[in-house]
Amino acid sequence: MLAVTALTKSFLSPEGVRNEIVNVPVFGLAAGEQLALRGESGSGKTTFLNLIAGILAADSGRVELGGMVMTALSESKRDRLRAEKLGYIFQTFNLLQGYTVLENVVLGMSFGPRGADRAHAREVLERVGLGHRLDHFPRQLSTGQQQRVAVARALANRPQLVLADEPTGNLDHRSAHEALALIREVCREHGAALLLVSHDEEVLREFELRRDFTEINKAMTEAKR
Amino acid sequence: MTLPLVIYRSLRQHALSTVITAGSIALACGLLMCVWTVKTQSQVAFTQTTGGFDAVLGARSSKLQLVLNAIFHLEASPGNLAWSDYEAIKRHPAVKAAIPIAVGDNLRGFRLVGTLPELFASVEYAPGKKYALEVGGRVFQGGAKEAVAGSFAAARLGLKAGVTFHPFHGLAFDEKNRHAETYTVVGVLTPTNTPADRVIWIPLAGVQTMSGHDPRAATDVSAVLVQLRAPTAGFMMDMMYNKQGNRLTFAYPVGTIIAELFGKIAWFDQVLTLVAYLVALVAAGSVLASIYNSMSARRRDLAILRALGARRRTIFGAVVCEAAVIGALGALTGYVVYFSLLAAVASLIRTQTGVVIEVWHWQPVLAYSPLAMIGLCALGGVVPAFKAYQTPVAETLAPLA
C-alpha cells in the first residue's frame, strides 16, 4: 500500500551547506498495517512523513501510495492524492481555530473526491465521542477533545493511510493512552494503515510492529558516523 | 460548500477589518453613483425645464442670465423692456404665444412674478401638462390684488386660499422693505416639479404698479416668454434681435442655453468624478491592505488547508473571492449611502431651484458601478492571494508540528 524507494531530501543551511535530512533506501507498509517509528527530535521523521504526504517534494526517490507514484506527480496532483488517500494527525492537532468542530471535519473531507458529507462527519465525531460538541470551537475543548477532533478529521475521508506525527505529545499519560487506543481502533474500523512516529517509549510499546527511524533513515546514520 | 465556508469564517474571524473595509467601499460606491446620477439627471432635468417656452426675450444681457431669471426664477433681472417690445413680438407671425413677466418683489425670499392669467389657461409647462390648481382655488383676475402660489412656496410659507400677505421689495427678503399693498391668495398650484413651484404668481400690473416702484416703468416688463410656431423661426428671430439689433436679447433655444451652462461647469463634474474614482481606488487599496495585513495571522490556517489537500489555486481563489465578497458587501451597503446622499442632494436642488431629481430612478451606473467595485476589490485581492498561494506548508506548520 505504501512503498518508499531511495527517497532523499536535503535542506540548505543558513551557512550555505546542504544537509541531507532524509535518505530512506527502502520502506513499506501493507494495507491495514499499524507501525510505530521510534525517532528522536530532529531525526527527520516529520520530514519523512511530509514527503510521504506530498507536502514536501523529494530531491530524489519514489513514494508509491495506493498504486499511485506520489513523487512523479505535480504539486496539484499530490494535493489531490493527499486529500483522497491520506489522513494526517499532527502533534499540535492543527485545528482551524475559527471553525467549529463539525466544520473542521467537514473541511477535511471537502478537498477529497467524496466531497463534504456533513452526515458522515457527524457520525465520525459521534464515534470519537464528540457528538455533543459539534458546534463548539476548538478553544472551547480540552486538549484531549481537540486530539479527538484531529483523529475524526484525519479519518472522515476514509483514507487508506493515516500518518500520525507525535499524536500524543501534548497529552498526559492517561489521555495519551486513550487517544492512542482510539486512533488505532478507528483506523482498524476504517481499514486504514497507520504510520505513527514518536519518541515516547510508552506509546511505542503499545504497537506490535515498531522500528527505529534511524535504522531506516541512512542520512542520520551517515551523519552520526 | 467549501469556498463559502472558508470565506464566511475568514470574514467572521476578521470582522472588524471586514466592516471597516466594506464601509469604505460603501462610501466610495455610494459617492460614485451619487455623483454620476446627480450629474446626468440634473443635466437632463435642467435642459428639459423650459416652462413650455422655446425662447425668452429680455433686455440686452447674456442669454444665460435671461433664461435663469425668466425660466428658473434665479438670478437678477438684467433690466426691463418696453411694453411695445412685448406687443411687437406678440404680433410677430412666427410667434404662437408670448407671455410677459415682471419681477422685483418677494415674499420671505420666495419670488413674486407678475404675469397674465393666460399662462395658467393655455400654456403646457411640459408636454401634455397644464398648470392645475388645488381644489377650491382659482387663477387671479387681471387687475386684482390676488395671488396664486406655487406648491413648494405655499407649503413653506403656509399659504392657502384666503390667506393675505404684504409683498417685500427686491428679490432678497428684507423685513424693512415691506410694500403697503395686501394680496390675497386665491389658489395654490398642484406640484409641477419645475421652478414654477417656488414662485408666487400675481397679476402683471401688480408688480408694475407696486408702491415704491418707479412710475416711469409702470408698463415695462422684465422678460417675455415665447412659444414659436416652428423651430426655424427661432433662428430668424435670433438674427433679428441679437445680430441686427443691439437693444434686446433673444435667448433661443432655452434647453441649449442651459446645456451650455453645464458645458461651462463640466470641469466641476470632472473634479467630482475624479474624487469619486480616487475614493474607489483607495477603497480597493484598503481591501488589499486589510487582507494582506491579515495574511501573517492566516498563514497557519492556509497551511492547514493545504495539508488537508486544498490546492494552491483553491487557496488563491478563496482569497480573491473573499476580497470580492468584501467588495460586494460594500457595494450593497453603497446603495444605502447612495440613496441617502441622493435624497439629501435632490432635496437641496429642489429647495434651491425647484428642479426635481428622481431618487428612485434606475440608471445603468447603479449596476455597473457596484460590479466595477467588486471587480476592483477582487483585483485588490490578487496580491494577498498570491502571498497565500506561496504559503510553504511544511515550513509554516513546522514550528508547532
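Residues numbered from 1 in each chain as written. Chains lettered and ligands numbered in written order. Predicted model: local features only at pLDDT ≥ 70, side-chain atom pairs only at ≥ 80, totals over all residues. Heavy atoms only, no water.

K.L.:
I would appreciate a short explanation of the overall build of chain B in the present structure.
P.N.:
Summing up its helical and strand segments, chain B has 14 helices and 12 strands in all. Radius of gyration (C-alpha) of chain B: 30 Å, far over the 21 Å computed for a compact globule of 401 residues. Principal-axis analysis of the C-alpha atoms gives chain B an extent of 100 × 45 × 35 Å. Every one of the 401 residues in chain B was classed for burial, and the buried ones make up 51%. When contacts within chain B are restricted to residue pairs at least 6 apart in sequence, long-range pairs at least 24 apart make up 78% of them. Of the roughly 17800 Å² of accessible surface on chain B, a fraction of 63% belongs to carbon and sulfur atoms. Measuring between centres, the 33 positive side-chain charges of chain B sit 12 Å from its 22 negative side-chain charges. (Helix = DSSP H or I, 4+ residues; strand = E, 2+ residues; numbered from the N terminus. Rg over C-alpha atoms; globule rule 2.2 N^0.38 Å. Buried < 20%, exposed > 50% of the residue type's maximum accessible area, 1.4 Å probe, protein only. Contact = heavy atoms within 4.5 Å. Areas by Shrake-Rupley, 256 points an atom, 1.4 Å probe, with all protein chains shown as cover. Lys, Arg positive; Asp, Glu negative; His and termini not counted. Charge placed at Lys NZ, Arg CZ, Asp CG, Glu CD.)

K.L.:
I'm lost on the sheet that holds strand β2 (residues 18-29) of chain A in this one. Help?
P.N.:
All names here are of chain A. Spatially, β2-β1-β4-β5 is the arrangement adopted by the four strands of the open sheet, whose pairing is antiparallel. The strands lining the two open edges of the sheet, one partner per strand, are β2 and β5 (68-69). The sheet contact formed by strand β4 (residues 60-65) and β5 spans two bridges and is antiparallel. Counterpart to leucine 65 in the pairing with β5 is methionine 68. (Pairing = 2+ DSSP bridges.)

K.L.:
In this structure, what is going on with the domain arrangement of chain B? I would like to understand it.
P.N.:
Interface size is commonly expressed as the accessible area that is lost once the parts come together. Residue and element names in this part refer to chain B. What the domain assignment reports for chain B is domain 1 (2-46 + 265-397) and domain 2 (55-252). Of note, the centres of domain 1 and domain 2, computed from C-alpha atoms alone, are 49 Å apart. Listed by partner, the interface residues are eight residues for domain 1 and 10 residues for domain 2. Summing both sides of the interface, domain 1 and domain 2 together bury roughly 760 Å²; the carbon and sulfur share of this comes to 55%. The largest contributions to the domain 1 side of the interface with domain 2 come from Arg350, Thr351 and Thr353, which together make up 52% of the buried area. At the surface where domain 1 touches domain 2, the tally comes to one salt bridge. In this structure, the salt-bridge partner of arginine 350 is aspartate 197, at a minimum N-O distance of 3.8 Å. Along the contact surface separating domain 1 from domain 2 lie two residue pairs in polar contact (both at pLDDT 80 or more). (Domains from an automatic or database assignment. Buried area = accessible area lost by both parts, 1.4 Å probe. Salt bridge = Lys/Arg side-chain N within 4 Å of Asp/Glu carboxyl O. Polar contact = N/O pair within 3.5 Å; in protein donor to acceptor, adjacent residues only side chain to side chain.)

K.L.:
Just to check I follow, could you spell out helix α4 (residues 118-127) of chain A for this structure?
P.N.:
An α-helix turns once per 3.6 residues; consequently, residues spaced three or four apart project the same way. All names here are of chain A. Here α4 has its buried residues at His120, Ala121, Val124 and Leu125. Down the axis of α4, the buried set is contained in an arc of 140°. They therefore lie on one face. Summarising the contacts, the buried residues of α4 are in contact with α3 (101-110) and α5 (143-155). Among the residues of α4, the N-terminal cap falls to aspartate 117, whose side-chain oxygen and the backbone nitrogen of alanine 119 are separated by 3.2 Å. Count one or two residues on from α4 and you reach glycine 129, which has phi positive near 80°. (Arc of directions from axis to C-beta.)

K.L.:
What is the right way to look at the packing of aromatic side chains in this model?
P.N.:
The geometry of two aromatic rings is summed up by the distance between their centres and the angle between their planes. All names here are of chain B. Per the stated rule, a full pass over the model turns up 21 aromatic pairs over all chains. With a centroid separation of 5.6 Å and an interplanar angle of 70°, the aromatic rings of phenylalanine 120 and tyrosine 131 are classed as edge-to-face. Linking phenylalanine 120 in helix α5 (residues 118-122) with tyrosine 131 in the loop between β5 (129-130) and β6 (146-149), this pair joins segments that are 11 residues apart in sequence. Here the aromatic rings of tyrosine 338 and phenylalanine 339 are separated by 4.9 Å at their centres, their planes lie at 65°, and the arrangement is edge-to-face. Overall, tyrosine 338 belongs to the buried group, its relative accessible area being 0%. Exposure remark for phenylalanine 339: the relative accessible area of 23% places this residue in the partly exposed category. (Phe/Tyr/Trp six-rings, centres within 6.5 Å; stacked < 30°, edge-to-face > 60°.)

K.L.:
Would you mind going over the sheet that holds strand β3 (residues 34-38) of chain A with me for this structure?
P.N.:
Strand pairing within a sheet occurs via backbone hydrogen bonds; the two strands may be parallel or antiparallel. Residue and element names in this part refer to chain A. Pairing in this open sheet of five strands is parallel, and the strands run β6-β7-β8-β3-β9 from one edge to the other. The open sheet has two edge strands with one neighbour each: β6 (86-89) and β9 (209-212). Sheet twist, expressed as the mean angle between neighbouring strand axes with direction ignored, is 15°. Relative to strand β8 (residues 193-198), strand β7 (residues 161-165) runs parallel, the two being bridged by five bridges. Bridge pairing links leucine 163 to leucine 195 in β8. Contacting β3, β6, β7 and β8, helix α1 (residues 45-53) runs over the sheet at an angle of about 155° to β7. Contacts between helix α2 (residues 75-85) and the sheet are confined to β6 and β7, with β6 contributing the most and set at about 80° to the helix. (Axes fitted to C-alpha atoms, helices over the stretch in contact; angles between N-to-C directions.)

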